[in-house]
Number of protein chains: 2
Amino acid sequence: MTDPRSEQPAAAAGDWPSDWLRATLGFLALRALAAGPSYGYAMIGDFEQHGFGTIKGGTLYPLLTRYETAGLVVTEWRAGDGGPGRKYFALTDHGRAELARLRVEWHRFAGTSIRYLDPERPTKETPE
Amino acid sequence: MTDPRSEQPAAAAGDWPSDWLRATLGFLALRALAAGPSYGYAMIGDFEQHGFGTIKGGTLYPLLTRYETAGLVVTEWRAGDGGPGRKYFALTDHGRAELARLRVEWHRFAGTSIRYLDPERPTKETPE
DNA sequence: CATGGCTATATAGTGTCTCTAAGTAGTGAG
DNA sequence: CTCACTACTTAGAGACACTATATAGCCATG
């Protein structure tokens, strides 16, 4: 497994509106690290495999830097496997707590928005 | 019913991260108009009742103006019910088509993100 | 050995959009 | 008259994604 971006092509979904990714990329990145430390380039491939399209380096790296500043992740350089060095990111306890919190909140928000969108939703007063 | 913002207080939820609202407010506004024309101030009250918090006028009105420019809505001034005039917004066919499209896409995106977040999701290779 | 491609991270410039804040205005109550 | 509520508008500041580019290690091809 020298190539973290092999396995399967994204299959479907290509690219979502950038505002949607802007809203979610933060906790998506925290979730990507929940299974153990990883590095930017591998995370981009992981997002691609899971149907989020190709996240740009110019988006992800500044985000991870902000998260390091905020104490959600810590970093460590490791040698690359036939290639340049890799900057590994690992969740802190704070990062894990944030992920847990955002998971719940996002679930609630997604539900609220999907219920509001529902074409069946009564829009005037509810008949009793 | 002279006050479009009576009924129930928001109950719970108060305010969501602004990026989450940024991602959704566009199609939320289209959905708010799906039941018939409405105006900004009433829409703000409607969002509040449905758990989205208090959307600011400085956010909603420029959005609606962009949608008018884009041909998703058309506008018409009507007299207010004891108060200033109201600028009513109505969906065009284009707006209705966009709403239908975004409803499907948002549903897919929300599902993709929630599946990715799932703590139970296998993160290394799936056992066969 | 040089050219290009893949891996990997970083930064600058531009544009969009939310937020805060304030302004304009009509109506009605004290 | 002044305040509160209704209702829309605009200005200024800040956050952040996008495009494009820079840097750099490693490897294959010719």
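First, a word on what this report is: a plain description of the structure on this page.

What follows concerns the overall build of chain A. Assigned secondary structure in chain A consists of four helices and three strands. Listing the helices and strands of chain A from first to last along the sequence gives α-β-α-α-β-β-α. Here chain A holds 128 residues, and the buried ones make up 38% of them. A separation threshold of at least 6 residues defines the contact pool for chain A, and within that pool the share at least 24 residues apart is 55%.

By size, the foremost hydrophobic cluster in this structure holds 60 residues, and its most contacted members are F47(A) and F47(B). If near-sequence neighbours (up to four positions away) are discounted, F47(B) is found in contact with Y116(A), L25(B), L28(B), A29(B), A32(B), F52(B), G53(B), I55(B) and L60(B).

Our next topic: the environment of K56(A). All names here are of chain A. By the secondary structure assignment, K56 is in the loop between α2 (40-49) and α3 (57-69). Its relative accessible area of 54% is what places K56 among the exposed residues. K56 sits 15 residues away from Y41 along the chain, and the two C-alpha atoms are 9.7 Å apart.

Turning to the sheet that holds strand β2 (residues 73-78) of chain A, a few remarks are in order. Residue and element names in this part refer to chain A. Strand order in this open sheet of three strands is β1-β3-β2, and the pairing throughout is antiparallel. Across the chains shown, the open sheet's two edge strands, defined by having one partner strand only, are β1 (38-39) and β2. Packed on one face of the sheet, α3 meets β2 and β3 (86-91) and runs near 120° to β2.

Right, let's get into the protein's contact with DNA strand C. By nearness alone, 22 residues border DNA strand C, and Y41(A), Y61(A), R86(A), R22(B) and T59(B) come closest of all. Here the atoms of DNA strand C within 4 Å of the protein split so that 81% fall in sugar or phosphate, with bases taking the remainder. Here a phosphate oxygen of DNA strand C and a backbone polar atom of G40(A) are 3.3 Å apart. R22(B) has a polar side-chain atom sitting 2.7 Å from a sugar or linking oxygen of DNA strand C. Of all elements in the fold, only α2, α3 and β3 of chain A together with α1 (18-32) and α3 (57-69) of chain B reach the threshold of two or more residues within the surface near DNA strand C. Counting residues per element, the surface near DNA strand C draws most heavily on α3(A), which supplies three residues. Residue classes in the surface near DNA strand C are distributed as eight nonpolar, seven polar and seven charged.

With that settled, consider the relation of the copies chain B and chain A. Of the transformation superimposing chain B on chain A, the axial component is 0.0 Å and the angular component is 180°, with the fit at an RMSD of 0.0 Å. On the angle and the small slide along the axis, the relation comes out as a two-fold axis. Take the interface residues of chain B: 97% of them recur as interface residues in chain A, which is what a same-surface contact looks like.

Attention shifts here to the protein's contact with DNA strand D. Close contacts around DNA strand D come from 23 residues, with R22(A), T59(A), Y41(B), Y61(B) and R86(B) the closest. T59(A) has a polar side-chain atom sitting 2.4 Å from a phosphate oxygen of DNA strand D. Contact between DNA strand D and Y41(B): a phosphate oxygen at 2.8 Å from a main-chain N or O atom of the residue. Sorting the residues of the surface near DNA strand D by element identifies α1 (18-32) and α3 of chain A together with α2 (40-49), α3 and β3 (86-91) of chain B as the ones contributing at least two each. No other element matches α3(B), which puts four residues into the surface near DNA strand D. Grouping the amino acids of the surface near DNA strand D by side-chain chemistry returns eight nonpolar, eight polar and seven charged.

Bringing the sheet that holds strand β1 (residues 38-39) of chain B into the picture now. Whenever strands of a sheet pair, they do so through backbone hydrogen bonds, lying parallel or antiparallel. Residues and elements named next belong to chain B. If you trace the three strands from one edge of the open sheet to the other, you get β1-β3-β2, paired in antiparallel fashion. Both edges of this open sheet fall to β1 and β2 (73-78), since each of them pairs with a single strand only. Direction of pairing for β2 relative to β3: antiparallel, over a ladder of six bridges. The residue bridging V73 from the neighbouring strand is L91, located in β3. Sheet strands in contact with α3 are β2 and β3, and its direction is about 120° off that of β2.

Rules used in this analysis
- Residues numbered from 1 in each chain as written.
- Chains lettered and ligands numbered in written order.
- Predicted model: local features only at pLDDT ≥ 70, side-chain atom pairs only at ≥ 80, totals over all residues.
- Heavy atoms only, no water.
- Helix = DSSP H or I, 4+ residues; strand = E, 2+ residues; numbered from the N terminus.
- Buried < 20%, exposed > 50% of the residue type's maximum accessible area, 1.4 Å probe, protein only.
- Contact = heavy atoms within 4.5 Å.
- Core = buried A, V, L, I, M, F, W, Y, C linked by side-chain atoms within 4.5 Å.
- Pairing = 2+ DSSP bridges.
- Axes fitted to C-alpha atoms, helices over the stretch in contact; angles between N-to-C directions.
- Near = heavy atom within 4 Å.
- Polar contact = N/O pair within 3.5 Å; in protein donor to acceptor, adjacent residues only side chain to side chain.
- Nonpolar A, V, L, I, M, F, W, Y, C, P; charged D, E, K, R; others polar.
- Least-squares fit on C-alpha atoms with pLDDT ≥ 70 in both.

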